[in-house]
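Architecture at a glance
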Amino acid sequence: MKYAFFLGCIMPNRYPGLEAAMRNVTGALGIKLLDMEGASCCPPPGVVKSFHKPTWLAIAARNLTLAEALNVDATTLCSGCYGTLKEANMILKEDNAMREKANKILHEYGKEFHGTINVKHFVEVLYDDIGIEKLRDFVKRPLNLKVAVHYGCHLLKPTRYRTGKSSERPKFLDELVEVLGAKSIPYRDKMMCCGAGGGVRSTSRDVSADMTKEKLENVKNAGGDCIVTPCAFCHLQFDIGQIEVEKQFGVKYNIPTLHYVQLLGLALGLEPQKLGLYGNVIPVDPILKKL
Amino acid sequence: MAKPQRNIIRLDELDMDFAEAVAKAGGEKINLCIQCGTCTASCPSGRRTAFRTRQLIRRAMLGFRDEVLSDKDLWLCTTCFTCLERCPRGVDPTDVILALRNMAVDAGYMLDQHKRVSGYFVKYGHAVPINEETRKRRVGLGLSEIPPTTHKHKKALDEVQGIVKKMGFDKLIGFKWEEGGK
């Protein structure tokens, strides 16, 4: 199995531990990652798409051509990147006028969008391409943890640009957590946004922190050992966001946040250092002690 | 005779073509809205701020162009798409909001922080560029110090910047090339 690995911004430039985890986990699973040399920001829906949709589509088209040149499907650990690339890929495949416009610009750089690949979030690769049962065989260290699964928004919605999974009561990520031996616990407003997206984090950090606090409170009340998310940006928001919540409200939650790929790595028996688990602002020691 | 106390909206004083313009800008189905309020009820941002999706759409439909485009609340949507999934009329409110945001930026109502983030994107090809601390941590993790992106490849950054110029995005955000960005 081979995939083009789209890095984005948050992972390589703020949470490189997620990138290390991805490279080590895929190695253990026998998946080969090909780097998309020269890729840029996806760009995200909250900023560039909110400001000028044509620029958003043109840059996304350029990123997609890099994966096409590698002749494999693209995968990512960030739901924002996933949302942009997945949606742009569908628009460019289906809308001839949009594709011609994008290609007119790309031709100047010897590139062309052909529509030959698909974009898959890494959890889709695991769930759809590998499958729960096969994944079970890889588990070396079953995890005795109560996990609060945070799906986030852009992995699931808008459903017309996604894989048709329910956006109100999805199950696949809970299944991916439970196959590792952990328990996915129910908690209030599980499907609510982390608060970071839409450009809100950059302009109204107090509003973002207020949303994050509500989720943290709900996870705490449900007795979660940690939050597990499939998105690099949600990961950032729940990790560094806890410091912002503390500043704004004077409340300390200290709930460890793991990206799903890090949780998977632990279950595969990989060392925490190889999973970048010491790069979080909120220490993950309470989790490691439970293993 | 006592005068009735009420606010009267004169339709001819509003921008009657605004809803049509929003539709063209990507909010195609704005006119399907029947003001049921499912969007507002579903909105995690509206739960804690004055942001009201239903009201925003109503004002846009009526033609309150400048009020809508200059309203900072327009930027409180996290694009969680809950309203888009739940809208019983298929208005796709998030698409309406994104269209309004594009129009707001075009009309010069861009927030300073958004100009800054966009500036990073233009300058580095990354809305969130790398810093010294992350470089060190990358090495400690066994990764390349610089990720294999526009950060590593000058030619790739030139391409991204070329596209950005071609699209007029640099002008739109007031990016100053001669100053190397703000």
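Residues numbered from 1 in each chain as written. Chains lettered and ligands numbered in written order. Predicted model: local features only at pLDDT ≥ 70, side-chain atom pairs only at ≥ 80, totals over all residues.

Here we take up helix α6 (residues 93–106) of chain B. Residues and elements named next belong to chain B. With 14 residues, α6 ought to run about 20 Å at 1.5 Å a step, and its terminal C-alpha atoms sit 20 Å apart, in line with that. The buried count for α6 comes to 13 of 14 residues, which makes it a mostly enclosed element. At the exit of α6 stands G108, carrying a positive phi of roughly 95 degrees. (Helix = DSSP H or I, 4+ residues; strand = E, 2+ residues; numbered from the N terminus. Expected span 1.5 Å × (residues − 1). Buried ≥ 20, exposed ≤ 12 C-beta atoms within 10 Å, placed from the backbone.)

Residue and element names in this part refer to chain A. Strand order across the open sheet formed by four strands is β2-β1-β3-β4, with parallel pairing between neighbours. Either end of the sheet is taken by a strand with one partner, and the two such strands are β2 (32–35) and β4 (119–121). Averaged over all adjacent pairs, the angle separating strand axes in this sheet is 40 degrees, with direction ignored. Across three bridges, the pairing between strand β3 (residues 74–76) and β4 is parallel. Of the residues in β4, the one forming a bridge with A74 is V119. In the packing of helix α5 (residues 79–94) onto the sheet, the strands contacted are β1 (2–6), β3 and β4, and the crossing angle to β4 comes to about 155 degrees. (Pairing = 2+ DSSP bridges. Axes fitted to C-alpha atoms, helices over the stretch in contact; angles between N-to-C directions. Contact = placed C-beta atoms within 7 Å.)

All names here are of chain A. Pairing is parallel across the open sheet formed by four strands, whose spatial order is β6-β5-β7-β8. The open sheet is flanked by β6 (183–184) and β8 (257–259), the only strands paired with a single partner. Across three bridges, strand β7 (residues 226–229) lies against β8 in parallel orientation. Within β8, the residue paired with T229 across the bridge is H259.

What follows concerns the interface of chain B and chain A. Note on interface size: it is often stated as the accessible area lost on association of the parts. Counting residues at the interface gives 53 residues for chain B and 54 residues for chain A. Of all the elements, helix α9 (residues 154–167) of chain B adds the most residues to the side of chain B that touches chain A, at eight residues. In terms of residue class, the side of chain B that touches chain A is made up of 29 nonpolar, 17 polar and seven charged. (Nonpolar A, V, L, I, M, F, W, Y, C, P; charged D, E, K, R; others polar.)

On to the domain arrangement of chain A, then. Residues and elements named next belong to chain A. We note that the domain assignment places domain 1 (2–121) and domain 2 (131–290) within chain A. The partner domain 2 presents 27 residues to the 28 residues of domain 1 that form the contact. When contributions to the side of domain 1 that touches domain 2 are tallied by element, the ones reaching two or more residues are α1 (10–13), α2 (16–29), α3 (45–51) and α5. (Domains from an automatic or database assignment.)

On to the pairing of β7 of chain A, then. Regular strands have side chains that alternate between both faces of the sheet. All names here are of chain A. Here β7 shows a buried face lined by C226 and V228 and a second buried face lined by I227 and T229. With three bridges connecting them, strand β5 (residues 146–149) and β7 associate as parallel partners. Across the sheet, the residue bridging to A148 is I227, located in β7. What joins β7 to β8 is helix α12 (residues 232–249), and the crossover it makes is right-handed. (Right-handed = clockwise from strand over helix to strand, strands pointing away.)

With 99% of its residues at a pLDDT of 70 or more, chain B shows a mean pLDDT of 95. Both scores are given for the predicted complex: the pTM is 0.96, the ipTM 0.95. (pLDDT = per-residue confidence, 0-100.)

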